[in-house]
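Secondary and tertiary structure notes
Here is what each chain is made of, one letter per residue.
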Amino acid sequence: MSTSRTTLLDLDQSFFDALVANDHDRLNDLLTDDFVLVGVEDGTVAGKGVLLDLVASGSLRFPKIDSFPDEAIVRVIGQVGIVVGRTGMNFTNPDGSTFSAGSRYTHVYAAGGDGSWRLVSAQGTAIKP
């Protein structure tokens with residue numbers, strides 16, 4: 001279990017780092033083709049293609065994402081890994097508006113036949129001050 005915890009938390013950090021770096025290729029590798037993101041700000045649902053297009057164009061930017069892996073709850077059920085964690089995020093929307101939030105998130109990973117994990121779903125919920 002500790003290896004799975006470490007692996008999944010490393011993937012979480014890689015996801016956050018790729019968002020901050022606008023790293024389209026890394027995000028493409030991390031996400032399943034049917035990936036679904038539910039936005040922390042307004043609950044908007046976006047697929048992998050939409051997220052990759054926004055990141056590639058620079059329309060959606062994440063200047064800073066702080067994560068707190070020591071607080072994360074990590075569970076592995078068969079070929080599924082679930083991470084419930086906390087972030088502090090700053091991001092800029094495609095319309096130029098900015099948003100900062102503390103959030104709780106749930107990331108769902110699936111293990112492939114080769115043992116690699118990919119992110120299937122991500123949902124964030126703002127933590128009200």
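Up top is the structure these notes are about.
To keep things clear, this report deals only with the structure shown in the data block. (Residues numbered from 1 in each chain as written. Predicted model: local features only at pLDDT ≥ 70, side-chain atom pairs only at ≥ 80, totals over all residues. Heavy atoms only, no water.)

**Remarks on the overall build of the protein chain**
Each helix and strand in the protein chain was counted, giving three helices and seven strands. Reading the protein chain from its N end, one meets helices and strands in the order α-α-β-β-α-β-β-β-β-β. The C-alpha atoms of the protein chain give 14 Å as radius of gyration, which agrees with the globular expectation for 129 residues (14 Å, within 12%). Taken along the three principal axes of its C-alpha coordinates, the protein chain extends 40 × 30 × 20 Å. (Helix = DSSP H or I, 4+ residues; strand = E, 2+ residues; numbered from the N terminus. Rg over C-alpha atoms; globule rule 2.2 N^0.38 Å.)

**Things to note about unusual backbone geometry**
One non-glycine residue with positive phi stands out, namely Asn22, at about 50 degrees. Tracing the backbone shows Asn22 in the loop between α1 (2-20) and α2 (24-30). According to the relative accessible area criterion, Asn22 is partly exposed, its value standing at 26%. (Buried < 20%, exposed > 50% of the residue type's maximum accessible area, 1.4 Å probe, protein only.)

**Brief notes about the pattern of salt bridges**
For side chains of opposite charge, pairing can occur when their charged atoms come near one another. Scanning all chains against the criterion turns up four salt bridges. When the shortest N-O distance is used, the salt bridge between Lys48 and Asp33 registers 3.3 Å. With Lys48 in helix α3 (residues 48-57) and Asp33 in strand β1 (residues 31-38), this residue pair connects regions lying 15 residues apart in the sequence. A relative accessible area of 69% means that Asp33 is categorised as exposed. For the salt bridge of Glu71 with Arg86, the shortest nitrogen-to-oxygen distance reads 2.8 Å. (Salt bridge = Lys/Arg side-chain N within 4 Å of Asp/Glu carboxyl O.)

**A look at the packing of aromatic side chains**
Applying the stated criterion across every chain, the model contains two aromatic pairs. With a centroid separation of 5.4 Å and an interplanar angle of 80 degrees, the aromatic rings of Phe16 and Tyr105 are classed as edge-to-face. You can see Phe16 sitting in helix α1 and its partner Tyr105 sitting in strand β6 (residues 98-111), a full 89 residues away along the chain. On the basis of relative accessible area, Tyr105 is assigned to the buried category, the value being 7%. Ring pairs connect the aromatic residues Phe15, Phe16 and Tyr105, which therefore count as one cluster. Across the ring face of Phe68, the terminal group of Arg86 is positioned such that the distance to the ring centre comes to 3.7 Å. (Phe/Tyr/Trp six-rings, centres within 6.5 Å; stacked < 30°, edge-to-face > 60°. Lys NZ or Arg CZ within 6 Å of the ring centre and 35° of its normal.)

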